[in-house]
Amino acid sequence: MKVSEAVESRRSIRAFLDKPIENSTIEALLEKSARAASGGNLQPWRISVINNESMDKFLEFQKNWTDPETPEYDIYPKGLKEPYKTSRFKVGMDMYSLLGIGREDHEARTNQMLENFIFFGAPAAFFCFVDKQMGKPQWSDLGMFLQTFMLLAQEEGLSTCAQEAWSMKPESVKEFCNTEEDLMLFCGMSIGYEDKDAKVNQLRTERRPLEEWASFI
Ligand SMILES: Cc1cc2nc3c(=O)[nH]c(=O)nc-3n(C[C@H](O)[C@H](O)[C@H](O)COP(=O)(O)O)c2cc1C
């Protein structure tokens, strides 16, 4: 697969088949992803993989976790500006209308959102952490790593969904993963085989035209 094909065909997948993945496959993908560029070659990503058995244990652990959790960070800025606000609104609307969920159907929307916390049925996932000492430049390095992983997974025939939603559950995630004190949680990453029959996976997200965000000086 060409890089451009991987970029073009990658999409966030939100329903997976119940088909296991070998740890060795994920390990190889992670190893290759670490070729991602990072400022000063800091390689600030820290990853905890849960797969098959540990996935079952984790989902059970999550179900039994009752303590309220404090979100790790604000997922979006307060008072999100245009055009970002519209893009965010649009992708949500497109997904819910695809699923036949009405604007006022808060329960159905919540239920769809809660799918995040079962990794949309994926058999495997990882959490991406970063040292609390790191700043914005290193956080952008995490994005480099994550996109590289998603493209390599695509090449491998696997699908993914990056998930900031997990930043709302940092205490339970860190407890389960036995995470070092110095680390904070950035996101989760669902990994698995796409359920091609699932409606939610028909979502094709839009991009704003180049003229709106690039200029040649
Ligand atoms: C860092 C990051 C975090 C994300 N978090 C979530 C999430 O918590 N839940 C979700 O359903 N999608 C999440 N997404 C997926 C985005 O909604 C998606 O990338 C965007 O709408 C563009 O769609 P595409 O990935 O299909 O091209 C996340 C994407 C990124 C890059």
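Residue numbers restart at each chain and count upward from 1, following the sequence in its written direction. In keeping with the model being predicted, local features are shown solely for residues with a pLDDT of at least 70 and side-chain atom pairs are shown and tallied solely at 80 or more, while totals for entire chains, interfaces and linings include all residues. Each side-chain value is worked out from all heavy atoms of the structure, with water and hydrogens disregarded.

Enquirer: Before we go on, may I ask you to explain the pattern of salt bridges in this structure?
Expert: Pairing between side chains of opposite charge can happen when the charged atoms of each approach one another. Should a side-chain nitrogen of Lys or Arg be within 4 Å of a carboxyl oxygen of Asp or Glu, the pair is scored as a salt bridge. According to the stated counting rule, one finds seven salt bridges in the structure shown. The partner of Asp-94 in a salt bridge is Lys-90, with the nearest N and O atoms 2.9 Å apart. With Asp-94 and Lys-90 both in helix α4 (residues 84-98), this residue pair falls four residues apart, about one helical turn. Using a 1.4 Å probe on the protein chains alone, a residue whose accessible area is under 20% of its type maximum counts as buried, one over 50% counts as exposed, and one in between counts as partly exposed. Lys-90 gets classed as partly exposed once you look at its relative accessible area, which sits at 31%. For Lys-90, the salt bridge is made with Glu-206, and the minimal N-O distance between the two is 2.9 Å. Placement of the pair is Lys-90 in helix α4 and Glu-206 in the loop between β4 (183-192) and α8 (210-213), with a sequence separation of 116 residues. By relative accessible area, which is 53% here, Glu-206 ends up exposed. Helix and strand definitions follow DSSP, with helices as H or I runs of at least four residues and strands as E runs of at least two, each counted in order from the N terminus.

Enquirer: So what exactly am I meant to see when it comes to the sheet that holds β4 here?
Expert: Only strands that DSSP links by at least two bridges are regarded as paired with each other. Reading across the sheet, the four strands line up as β1-β2-β4-β3 and stay open at both edges, with antiparallel pairing between neighbours. Unpaired on one side and paired on the other, β1 (46-51) and β3 (159-163) mark the two borders of the sheet. The mean angle between the axes of side-by-side strands here comes to 20°, regardless of whether they run parallel or antiparallel. The pairing of strand β2 (residues 124-131) with β4 spans eight bridges and is classified as antiparallel. Residue pairing across strands places Ala-124 opposite Ile-191, the latter belonging to β4. Helix-sheet contacts for helix α2 (residues 23-33) involve β1, β2 and β4, and the interaxial angle to β1 is about 160°. Whether two residues are in contact is decided by their heavy atoms: any pair within 4.5 Å suffices. All axes here are fitted lines through C-alpha atoms, helices being fitted over the stretch that makes contact, and every angle between N-to-C directions spans 0 to 180 degrees. Its contacts with the sheet place helix α6 (residues 136-155) against β1, β2, β3 and β4, and it is angled at close to 10° to β4.

The analysis is restricted to geometry; functional conclusions fall outside its scope.
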